[in-house]
Amino acid sequence: MQLKGPVGKAHSGIGSPDNPDQAIAAPACGVNRSFALRIAVIGSGYVGLVTGACFAELGVHVTCVDIDEDKVRRLSAGDIPIHEPGLEALVRPALANGRLRFTSDLRAAVAGREVVFIAVGTPSDEDGSADLRHVLAAAQAVGDAIDGFTVVVDKSTVPVGTA
């Protein structure tokens, strides 16, 4: 497989773009943690918190955003408000090493990020359809806040054809 690195240099993905023959030692999980990808996750419920914690475990720098200031304070202190087996074991070390942080400031969290995940709730409307107000509001806020090329991923549960 050929990948394009800085200045369009082709490389195999085995080593660095500047020296493709130099092997990079991978951690036990087989993931190259030598890069500093920065992402934001909008929403810190089940989907957002688990997504952020897993990416932080892989070495990605993650900022999770939530509008609930109390939840942000609790998460920042390592208090996990949901039950998900193994989640605490991912969140606490990521907080301690600085790869995972929480904020209510969406604009600051999104600025300069390469990828932004939208992982907000989609409660059911009275007729059973998905209420997309939170997803659309988050998408608008992200669009207003990005300051360069950014991949925006909708991880919220939405009906097929919504995009």
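Whatever comes next refers back to the structure up there.
Rules used throughout
Residues numbered from 1 in each chain as written. Predicted model: local features only at pLDDT ≥ 70, side-chain atom pairs only at ≥ 80, totals over all residues. Heavy atoms only, no water. Salt bridge = Lys/Arg side-chain N within 4 Å of Asp/Glu carboxyl O. Buried < 20%, exposed > 50% of the residue type's maximum accessible area, 1.4 Å probe, protein only. 1 Å grid on protein atoms, 1.4 Å probe; cavity = no way out; pocket = protein on both sides within 12 Å on 5 of 7 lines; lining within 4 Å. Points joined across faces, edges and corners; volume = space filled by probe spheres on them. Nonpolar A, V, L, I, M, F, W, Y, C, P; charged D, E, K, R; others polar. Phe/Tyr/Trp six-rings, centres within 6.5 Å; stacked < 30°, edge-to-face > 60°. Helix = DSSP H or I, 4+ residues; strand = E, 2+ residues; numbered from the N terminus.

**Student:** Outline the pattern of salt bridges, listing residues and values.
**Tutor:** Enumeration over the complete set of coordinates arrives at five salt bridges. Note that Arg 74 is salt-bridged to Asp 79, the shortest N-O span being 2.9 Å. Among the residues examined, Asp 79 registers a relative accessible area of 34% and is labelled partly exposed. For Glu 88, the salt bridge identified is with Arg 92, shortest N-O distance 2.8 Å.

**Student:** Can you break down the layout of surface pockets residue by residue, with the values?
**Tutor:** As a volume, the largest pocket reaches approximately 410 Å³. Considering the residues around the largest pocket, the lining is formed by 21 residues, among which Gly 43, Ala 119, Val 120, Gly 121 and His 134 are closest to the centre. Class assignment for the residues of the lining of the largest pocket results in ten nonpolar, nine polar and two charged.

**Student:** Go over the packing of aromatic side chains with me, naming the residues and quoting the values.
**Tutor:** A complete count under the given rule lists one aromatic pair for this structure. Centre to centre, the rings of Phe 55 and Phe 117 are 5.3 Å apart; their planes meet at 40 degrees, and the pair counts as tilted. Of this pair, Phe 55 sits in helix 1 (residues 46–57) while Phe 117 is found in strand 6 (residues 115–118), placing the two residues 62 residues apart along the sequence. For Phe 117, a relative accessible area of 10% translates into the label buried.

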